[in-house]
Amino acid sequence: MARVSARLSDNAPGDLFVDDACIDCETCRILAPRVFERSDQLGLSVVRNQPASADDALRAKMAIVSCPTSAIGSVSKVDVKDAVLALPDRIAPDVFYCGYASESSFGAASYLVTRGGGNVLVDSPRAARPLMDRIEALGGVGTMFLTHRDDVADHAGYARRFQCERVLHAQDVGPGTRDVERRLEGDEPEPLADDLLAIPVPGHTRGSTALLFRGTFLFTGDHLWGSADGEGLEAGRDVCWYSWAEQTRSMERLLAFDFEWVLPGHGPRFHAPARKMRAEIEKLVARMKR
Ligand code: SF4
């Protein structure tokens, strides 16, 4: 529970607030961008505007239940039942953002893909029963695709509940993931189904792997994300744990694929026609090579 006594000074006056347990994971800003913003002075999220509409109020409550550190609170009692029912949050037909971020993955985003051949959970949200029940209502999980070693969070809880096959690159398997059911090998793209392609993108970690769904949605883990201005794409040398040169080569190899969405573990999403996406990847590769 967020503590009024620890309320951050930059919050807008009013009922809703963020306290000093915030870890600046962005989850609230993604779910409710009109309500939350990043305070550059504090390096943390704060309430920019108290919710002024029913939609803002709902999305603020979705942030309350999704915050990995319970850093968001309200002075008055809030009923979050409608927020629980609103998650996972639909991004596009058959693609949802799960919310319920886990502190162990630093609040990384996870996604649910609904499809006739079995749903796919991309990276791991918190193993919160209300979310798991909602995922069950959407058809459960056939495959859990783990983009890299950092965002595995509660994967074991999801495997137990849904008896799903977990997929992780062998190079990123560690003590906590040694029992995953399927290990990807090498750096060549590997089809998991007609509409699912695993694309190894070593760099951020040795075993980082993106997942392309229907040639449209690219789940990128921490390899690639949208820029803060919403105009292009970014990757981060300061969060590259394995090899920047390798990550640059992996980025260049993405030019072989068409896609319209970048759905990352951290950072903004990016949606653009395939031609613009390709141009932005080319620009990013050029910047990475400098
Ligand atoms: S979701 Fe919670 S931890 Fe993450 S940025 Fe918002 S307040 Fe901070």
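Since this is a predicted model, take the numbers as computed values, not measurements. Going along each chain's sequence as written, the residues are numbered from 1 onward. With pLDDT at 70 or above as the cut-off, local features in this predicted model cover only qualifying residues; side-chain atom pairs require 80 or more to be listed or tallied, and sums for whole chains, interfaces and linings still use all residues. Hydrogens are left out, water is left out, and the side-chain values use all remaining heavy atoms of the structure.

The next point concerns the packing of aromatic side chains. How two aromatic rings sit relative to each other is given by the distance of their centres and the angle of their planes. In summary, the pairing rule links any two rings of Phe, Tyr or Trp, Trp by its six-membered ring, whose centres are within 6.5 Å, and it sorts them by plane angle into stacked for under 30 degrees, edge-to-face for over 60 and tilted for everything else. Under the definition given, this model contains 5 aromatic pairs. Consider the rings of Y111 and F219, whose centres lie 5.4 Å apart with planes at 50°: the pair is tilted. Pair noted here: Y111 is in strand β7 (residues 111–113) and F219 is in strand β15 (residues 217–221), with a separation of 108 residues, a long-range link. Assigned by exposure class, Y111 and F219 land together as buried. Ring-pair connections join several aromatic residues into one group, and the members of that group are Y97, Y111 and F219. Only DSSP runs of H or I reaching four residues or more are called helices, and only runs of E reaching two or more are called strands; each is numbered from the N terminus. Per-residue accessibility, obtained with a 1.4 Å probe over protein chains only, is compared with the maximum for each type, and a residue is labelled buried under 20%, exposed over 50%, and partly exposed between these values.

A few words now on the sheet that holds strand β19 (residues 270–271). In spatial order, the strands read β12-β13-β14-β15-β18-β19; together these 6 strands make up an open sheet with mixed pairing. Every other strand in the sheet has two partners, leaving β12 (190–193) and β19 as the edge strands with one partner each. Two strands are said to pair when DSSP picks up at least two bridges between them. Relative to strand β14 (residues 209–213), strand β13 (residues 196–200) runs antiparallel, the two being bridged by 5 bridges. Residue pairing across strands places P200 opposite T209, the latter belonging to β14.

Between N-to-C directions, angles cover 0 to 180 degrees, with each direction set by a line fitted to C-alpha atoms, over the stretch in contact for helices. Where helix α4 (residues 129–137) meets helix α5 (residues 155–162), the closest approach of the two axes is 12 Å, and the angle between their N-to-C directions is 45°. Judged on the interaxial angle alone, α5 and α4 are oblique. Handedness of the crossing formed by α4 with α5: right-handed. Here α4 contributes L131, M132, D133, I135 and E136 to the contact with α5, which in turn contributes G157, Y158, R161 and F162. Oblique is the label for any angle not under 35 degrees, not over 145, and not in the 65 to 115 range, which are roughly parallel, roughly antiparallel and roughly perpendicular in turn. What makes a crossing left-handed is the near helix being turned counterclockwise from the far one by less than a right angle; a clockwise turn instead makes it right-handed. Here a residue-residue contact requires only that any non-hydrogen atoms of the pair lie within 4.5 Å.

This paragraph deals with the sheet that holds β7. Reading across from one edge, β5-β6-β7-β8-β9-β10-β11 is the order of the 7 strands in this open sheet, with mixed pairing throughout. Looking at which strands have only one partner, the edges of the open sheet turn out to be β5 (89–92) and β11 (182–184). Within the sheet, the average angular offset between the axes of one strand and its neighbour, ignoring direction, is 25°. The pairing of strand β10 (residues 165–169) with β11 spans 3 bridges and is parallel. Of the residues in β11, the one forming a bridge with H169 is L184.

Put simply, side chains in a regular strand alternate between the two faces of the sheet. Alignment of β5 against strand β6 (residues 95–97), held across 3 bridges, turns out to be antiparallel. Residue pairing across strands places A92 opposite V95, the latter belonging to β6. Hairpin connection from β5 to β6: 2 residues lie between these consecutive antiparallel strands, with D94 at a positive phi of about 75°.

Moving on: helix α6 (residues 244–253). The complete set of buried residues in α6 reads W244, E246, Q247, T248, S250 and M251. Each element contacted by the buried residues of α6 is listed here: α7 (274–289). The opening residue of α6 is S243, an N-cap whose side-chain oxygen sits 3.5 Å from the backbone nitrogen of A245. Between N or O atoms, a polar contact is any pair within 3.5 Å; within protein, one atom must be a potential hydrogen donor and the other a potential acceptor, and residues adjacent in sequence are included only when both atoms are from side chains.

We now examine the pattern of salt bridges. Here a salt bridge means any side-chain nitrogen of Lys or Arg lying within 4 Å of a carboxyl oxygen belonging to Asp or Glu. Under the counting rule described, the total for this entry stands at 24 salt bridges. When the shortest N-O distance is used, the salt bridge between D24 and R38 registers 3.0 Å. In this pair, D24 is assigned in the loop between β1 (16–18) and α1 (27–31) and R38 in strand β2 (residues 36–39), connecting sequence segments 14 residues apart. One salt bridge in this structure joins R38 and D40, with 3.5 Å as the shortest N-O distance. Within the structure, one salt-bridge network assembled from shared partners comprises D24, R29, R38 and D40.

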